[in-house]
Amino acid sequence: MKIVVVGMGYVGLVAACCLARSGHQVIGVESAPEKLSKLRSGILPLYEEGLEEVYRKTVESQHLSFTDDLREAIEVADIIMIAVGTPSLPDGRVDLSQVYEVSGTICEAADHPFIVVMKSTVPPGTGKYLIERFFSKARVPISYVSNPEFLREGIAVWDWYHPDRIVVGCDDARTAEKVLELYSDIEAPKVTMDITSAEMVKYASNAFLATKISFINEIANLCELVGADIKAVAPAVGMDKRIGPHFLQAGLGYGGSCFPKDTKGLDFVSTFNGYSFNLLKAVIEVNAKQRILAVRKLHKLLGGLVGRRIAVLGLAFKPNTDDIREAPAIDIIRYLVDEGAEVAAADPLAIRNAASQLPPCVKLSPDPYEVLHGAQAVLLATEWPQFIVLDWGKVKGLMREPFVIVDGRNALDPEKLTELGFIYCGFGVLPKFRG
Ligand code: UDX
């Protein structure tokens, strides 16, 4: 089929490349001039494992091309997939301005029947609204389908080909079948339902995953008070098949472009519809507090923060990405600087993105050993593999009293570090020190 994908972010670009690899004729539409010129000159504007290979093959086979002219692109389209950004507004409301702009252009330019597939995450009820405001008024029949994605950043290509389910929300079965053809080469349960329900599946899924994280963080915080060890508790809880082992990793909590946005977006939609989603409000609040907890731990173990030198390892919201959106490290560093600490931070990929988000006094380097020089404490904020396997004996030699480690992801070995003379502090485990 001839497919237009609007918005070359990590969802849209992965979708465009993978659909092209499936043999469809795909045009990626990108309005940002710099991003478009990179895409046209063979440079990927973002990192996604395995994407480079798919991108090269599909561009070479001429199954994939890029443009900034949406009107021209849709002239030959069977399917128009909307994958533009739907960021959070300050009050938590989802900013749908890009979706509205694209929907308006599609309607004005429509000169033959086609299907609009909404891949962007939009609040429940948006599809119905878009049909009423835009697509029902076009001069030709435009069908609308909600087709949410469940891609994790950094491994989105793998997730594209290994989804737990493919969800299609649509008002008529024939259109749903046509959209499911896009995924004919992917082994996964395919579920169809109405549009609003499909939108809700996406929000409910992300809200539940975020709930698991905040739940285990509350249990971890309680473990510290009663002397239990979350690293023993969480795996045993996860052995219950009804609970499952995933998303029970206690620590600094979630960041990224999805969980924070989708939890706040669902909270806003709930309030807007006259419902107070109290559990979700608590999930959001608990997650925000984990960052402050890290600062309190450092304050307590250092006997204050003024003039203390602290190294932060990790700036990205999770390993294997350069994305720092809502990353715990960014907030924590700002708190520490405000409290008078001297902070240096390292990250393998995210330095460039982080520099513009941090105070100029924060020293940044891709080399962890460089930022550890003279540090009195180190906070592991992102569990990059290369930070886990640091030469901690060498680290000790670079640092100075009192050699504090706050392990924001419970990813390090408390016994080994205590043996080396560090004061180890995790989340949900009691502080450990020699003697
Ligand atoms: C998430 C969802 O997993 C994905 O299905 C959805 O489409 C987009 O949002 P992503 O945000 O890319 O994907 O990252 P993910 O790997 O899910 O981690 C999210 C955040 O939760 C990270 O900040 C991670 O550090 C944190 N996390 C994850 C925990 O704190 N504890 C856990 O046990 C798991």
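Preceding this section is the structure that the text describes.
Residues numbered from 1 in each chain as written. Predicted model: local features only at pLDDT ≥ 70, side-chain atom pairs only at ≥ 80, totals over all residues. Heavy atoms only, no water.

Caption draft 1: Region of the structure containing the packing of aromatic side chains. Applying the stated criterion to the full structure yields 11 aromatic pairs. Aromatic pair F135 and Y144: ring centres 5.8 Å apart, planes at 35 degrees, arrangement tilted. Its relative accessible area of 3% is what places F135 among the buried residues. The rings of Y100, Y129, F134, F135 and Y144 are connected pair by pair, giving a single aromatic cluster. (Phe/Tyr/Trp six-rings, centres within 6.5 Å; stacked < 30°, edge-to-face > 60°. Buried < 20%, exposed > 50% of the residue type's maximum accessible area, 1.4 Å probe, protein only.)

Caption draft 2: Summary view of unusual backbone geometry. The residue after E401, namely P402, is reached through a cis peptide bond having omega 5 degrees. You can see P402 is positioned in the loop between helix 17 (392–398) and strand 13 (404–407). With a phi close to 60 degrees, F247 is a non-glycine residue in the positive phi region. Checked against the element boundaries, F247 lands in the loop between helix 10 (230–238) and helix 11 (259–272). Residue classification places F247 among the partly exposed residues on the basis of a relative accessible area of 32%. (Helix = DSSP H or I, 4+ residues; strand = E, 2+ residues; numbered from the N terminus.)

Caption draft 3: Representation of the site of the ligand within the structure. Residues in close proximity to the ligand total 19 residues, the closest being L151, E153, K202, Q249 and G255. Separating an oxygen atom of the ligand from a backbone N or O atom of F150 is a distance of 3.2 Å. Contacts to the ligand include G255, whose backbone N or O atom sits 3.0 Å from an oxygen atom. Out of a free accessible area of 660 Å², the ligand has 91% covered by protein chains. With 3 residues, the single largest contributor to the shell around the ligand is helix 9 (residues 195–226). For the shell around the ligand, the per-class residue count stands at 9 nonpolar, 4 polar and 6 charged. Both domains that meet at the shell around the ligand, namely domain 1 (2–193) and domain 2 (195–435), each give it at least three residues. (Near = heavy atom within 4 Å. Polar contact = N/O pair within 3.5 Å; in protein donor to acceptor, adjacent residues only side chain to side chain. Areas by Shrake-Rupley, 256 points an atom, 1.4 Å probe, with all protein chains shown as cover. Nonpolar A, V, L, I, M, F, W, Y, C, P; charged D, E, K, R; others polar. Domains from an automatic or database assignment.)

Caption draft 4: Local environment of the pairing of strand 1 (residues 2–6). For strand 1, the buried fraction is high: 4 of the 5 residues fall into the buried class. The sheet contact formed by strand 1 and strand 2 (residues 25–29) spans 5 bridges and is parallel. Following the sheet pairing, K2 is matched in strand 2 by Q25. Pairing analysis gives 4 bridges linking strand 1 to strand 4 (residues 79–82), with the strands arranged parallel. Looking at strand 4, one finds that V4 is bridged to I80. (Pairing = 2+ DSSP bridges.)

Caption draft 5: Structural view of the sheet that holds strand 10 (residues 342–346). Read across the sheet, 6 strands follow the order 11-10-9-12-13-14 without closing on themselves; strand pairing throughout is parallel. Two strands lie at the open edges of the sheet, namely strand 11 (363–365) and strand 14 (423–425), each paired on one side alone. Within the sheet, the average angular offset between the axes of one strand and its neighbour, ignoring direction, is 15 degrees. Of the pairings in the sheet, the one linking strand 9 (residues 309–313) to strand 12 (residues 377–380) comprises 4 bridges and is parallel in character. When the bridges of strand 12 are listed, A311 appears paired with V378. Running over the sheet, helix 12 (residues 278–302) touches strand 9, strand 12, strand 13 and strand 14 and is turned about 165 degrees from strand 13. (Axes fitted to C-alpha atoms, helices over the stretch in contact; angles between N-to-C directions. Contact = heavy atoms within 4.5 Å.)

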